[in-house]
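One letter stands for each residue in the lines below.
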Amino acid sequence: MMILTVAGKKKNYPERLTLSALIEQEAVENPDYVTVTINDAFVERGDFAQTILKDGDTVEFLYFMGGGTV
Amino acid sequence: MPFTNEQLERYSRHIILKEVGIKGQKKLLNAKVLIIGAGGLGAPAALYLAAAGVGTIGIADADEVDLSNLQRQVIHTTADLGKAKVKSAAETMTAINPDVKVNTYRTFVTSQNIMNLIAGYDFILDGTDNFPAKFLINDACVMAKKPFSHAGIIRFRGQLMTYVPGQGPCYRCVFKNPPPKDAVPTCKQAGVIGAMGGVIGSLQAMEAIKYIIGQGKLLTGRLLTYDALKMEFHTIKLPRDEHCAVCSAYPTITKLIDYEQAECDMKK
């Protein structure tokens with residue numbers, strides 16, 4: 001097991017988890033349009049499947065949000 | 001110009017703050033803020049900026065007040081139904097504070113008019129509902145070197161960030177390009193709790209005020225998110241994208257773009 005901080009919350013995850021698998025596990029909304037940072041650095045969308053998370057990593061999901069008028 | 005007795009009393013709760021004082025209140029009275037969108041975000045922001053004595057407030061919106069707006073757009077009342085939103089907003093702001101000069105622009109922002117619109121203002125507040133407008137405002141502010149507050153709200157969630165030229169990432173560093181039409185739901189499709197506009201729009205007003213008086217830490221390089229159901233605020237550190245298409249040293253976007261508006265966002 002390893003500990004990740006995902007969206008501000010520390011939790012246990014299985015070792016060698018990929019970013020794509022994490023996105024699925026966390027049921028990220030609109031995963032095709034989410035922006036991700038790992039340890040405060042952007043991850044290219046094309047690299048999600050190959051990115052293997054390490055113990056202690058901090059992962060953040062950034063979502064498109066419209067809203068306002070109308 | 002020295003303050004009148006009435007102004008000293010009106011702004012007394014500001015003036016007593018060491019971070020504001022007479023000096024800060026003068027800065028507010030001399031400041032010019034443009035609010036784009038007189039809706040869920042723009043309405044509360046406009047109310048607080050007018051009450052705070054921001055001397056010149058511009059407000060841009062092409063729409064009229066609709067019954068479905070009143071659940072959250074607190075600057076308009078039932079008596080304003082059918083009225084231009086900018087007119088209704090201007091009337092409320094002037095009624096709150098006659099010190100404020102309100103400039104109204106009854107128009108959608110486009111690549112053709114946005115540079116002229118923002119030119120005379122110190123700070124821009126994005127209160128629009130759609131991604132083409134959000135990207136346009138970002139790009140225009142980057143090109144014109146204007147600070148702005150970006151925000152979005154949907155359902156029970158909201159978020160905001162502040163761009164200051166040379167001090168951190170822009171909206172495009174984070175979100176690259178607008179999502180395809182209908183890929184991401186809008187408030188109209190998904191709904192939004194009215195008070196969310198109050199929370200996030202007020203935070204945008206707070207950023208504008210802090211920028212003007214030069215106090216505190218702005219949301220540059222940070223996205224503040226708010227989840228009302230969990231009742232949690234969370235701050236996400238935002239890096240700059242060194243290859244950002246608009247704000248990097250070698251931008252590939254040098255002209256403003258009018259992205260296609262999702263149909264559901266078009267005028268009803």
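The structure under discussion appears in the preceding block.
A few points on the structure. The numbers attached to residues start from 1 for each chain and follow its sequence in the written order. All chains are assigned letters beginning with A, and all ligands numbers beginning with 1, in the order in which they are written. Selection of residues for local features in this predicted model requires a pLDDT of at least 70, selection of side-chain atom pairs for listing and counting requires 80 or more, and totals for whole chains, interfaces and linings are taken over all residues. Heavy atoms throughout the structure, all of them, feed into the side-chain values; hydrogens and water do not.

### Observations regarding the interface of chain B and chain A
- The contact criterion used is simple: two residues touch if any of their non-hydrogen atoms lie within 4.5 Å. With 50 residues of chain B in contact, the opposing surface of chain A contributes 22 residues.
- Here the quantity called buried area is the total loss of accessible area, with a 1.4 Å probe, experienced by two parts when brought into contact, counted for both. Among the residues chain B hides against chain A, the three largest losses belong to B:D129, B:R157 and B:F175. Together they make up 19% of the total.
- Whenever Lys or Arg places a side-chain nitrogen within 4 Å of a carboxyl oxygen from Asp or Glu, that contact is recorded as a salt bridge. Linking chain B with chain A are four salt bridges, by the criterion used here.
- Side-chain atoms alone can form a polar contact between residues adjacent in sequence; in general such a contact is a pair of N or O atoms within 3.5 Å, and within protein one must be able to donate a hydrogen while the other accepts it. Summed over the shared surface of chain B and chain A, the number is six residue pairs in polar contact (both at pLDDT 80 or more).
- Listed by contribution, the elements that provide at least two residues to the side of chain B that touches chain A are α7 (131-144), β5 (148-154), β6 (157-163), α8 (171-175), α9 (187-190) and β8 (232-237) of chain B.
- Numbering of helices and strands runs from the N terminus, with a helix taken as a DSSP run of H or I at least four residues long and a strand as a DSSP run of E at least two residues long. At five residues, the largest contribution of residues to the side of chain B that touches chain A is made by β8(B).

### Re the sheet that holds strand β2 (residues 9-13) of chain A
Residues and elements named next belong to chain A.
- The pairing criterion is simple: DSSP has to find at least two bridges between the two strands. Strand order in the open sheet formed by five strands is β2-β1-β5-β3-β4, with mixed pairing between adjacent strands. In this open sheet, the two edge strands, each paired with only one partner strand, are β2 and β4 (41-43). Shown here is a sheet whose adjacent strand axes are inclined to one another by a mean of 35°, direction ignored.
- As judged from the three bridges shared by strand β3 (residues 35-38) and β4, these two strands associate in the antiparallel manner. Only C-alpha atoms enter the line fits that serve as axes; for helices the fit covers just the stretch in contact. Angles between N-to-C directions range over 0 to 180 degrees.

### Details of unusual backbone geometry
Residue and element names in this part refer to chain A.
- In this structure, N30 takes a positive phi of about 45° despite not being glycine.
- Mapped onto the elements, N30 comes out in the loop between α1 (19-25) and β3.
- Of note, the phi angle at N39 is positive, near 50°, even though the residue is not glycine.
- You can see N39 is positioned in the loop between β3 and β4.

### Some points on the packing of aromatic side chains
- Only the six-membered ring of Trp is used, alongside the rings of Phe and Tyr, when aromatic pairs are assigned; centres must lie within 6.5 Å, and planes under 30 degrees apart are stacked while those over 60 apart are edge-to-face, with the rest tilted. Throughout the structure, instances matching the rule amount to 10 aromatic pairs over all chains.
- Pairing B:Y105 with B:Y121 gives two aromatic rings, centres 6.5 Å apart and planes at 85°, and the pair type is edge-to-face. Within this pair, whereas B:Y105 is found in strand β3 (residues 101-105), its partner B:Y121 is found in the loop between α6 (114-119) and β4 (123-126), the two being separated by 16 residues in sequence.
- Using a 1.4 Å probe on the protein chains alone, a residue whose accessible area is under 20% of its type maximum counts as buried, one over 50% counts as exposed, and one in between counts as partly exposed. We classify B:Y121 as buried; its relative accessible area is 5%.
- Taken together, a centroid distance of 5.4 Å and an interplanar angle of 40° make the contact between B:F123 and B:Y211 tilted. Separated by 88 residues along the polypeptide, B:F123 in strand β4 and B:Y211 in helix α10 (residues 194-213) bring together distant segments of the chain.
- For B:F123, a relative accessible area of 0% puts it in the buried group.
- Here B:Y211 falls in the partly exposed class, since its relative accessible area comes to 31%.
- Put simply, the rings of A:F64, B:F131, B:F135, B:Y171, B:F175 and B:Y259 touch in pairs and so form one group of aromatic residues.
- Two limits define a charge over a ring: the Lys NZ or Arg CZ must be within 6 Å of the ring centre, and within 35 degrees of the ring normal. Between B:R157 and the ring centre of A:Y63, over which it is positioned, the NZ or CZ distance is 5.2 Å.
- We note B:K176 situated over the ring of A:F42; from NZ or CZ to the ring centre the distance is 4.8 Å.

### Overview of the pairing of strand β1 (residues 32-36) of chain B
Residue and element names in this part refer to chain B.
- Judged by how many residues are buried, β1 sits mostly within the fold: four of five residues are covered.
- With five bridges joining them, β1 and strand β2 (residues 56-60) adopt parallel strand pairing. Residue pairing for β2: I36 is matched across the bridge by A60.
- Orienting the strands away from the viewer, one traces the path from the first strand over the helix to the second; a clockwise path indicates a right-handed crossover. Since β1 and β2 lie parallel, the crossover through helix α4 (residues 42-52) that links them has a hand, and here it is right-handed.
- Summarising the sheet, β1 and β4 pair through four bridges and their orientation is parallel. In the sheet register, V33 faces β4, and the bridge partner there is F123.

### Overview of the pattern of salt bridges
- One pass over the full model with this rule turns up 15 salt bridges over all chains.
- As a salt-bridge pair, B:K237 and A:D40 come within 3.7 Å of each other at their nearest N and O atoms. Residue B:K237 is located in strand β8, and its partner A:D40 is located in the loop between β3 and β4; the two belong to separate chains.
- When the shortest N-O distance is used, the salt bridge between B:E91 and B:K83 registers 2.7 Å.
- Each of B:D80, B:K83, B:K87 and B:E91 takes part in one network of salt bridges that share partners.

### Quick word on the sheet that holds β8(B)
Residue and element names in this part refer to chain B.
- If you walk across this open sheet you meet the eight strands as β3-β2-β1-β4-β5-β6-β7-β8, and the pairing is mixed. In this open sheet, the two edge strands, each paired with only one partner strand, are β3 and β8. Adjacent strand axes in the sheet meet at a mean angle of 15° when their direction is disregarded.
- When β6 meets strand β7 (residues 222-227), the two strands line up antiparallel, connected through four bridges. By the bridge assignment, R157 is partnered in β7 with D227.
- Seen against the sheet, helix α5 (residues 85-96) touches β2 and β3 and runs at an angle of roughly 175° to β3.
- Of the strands in this sheet, β1, β4, β5 and β6 are in contact with α7, which crosses β5 at around 170°.

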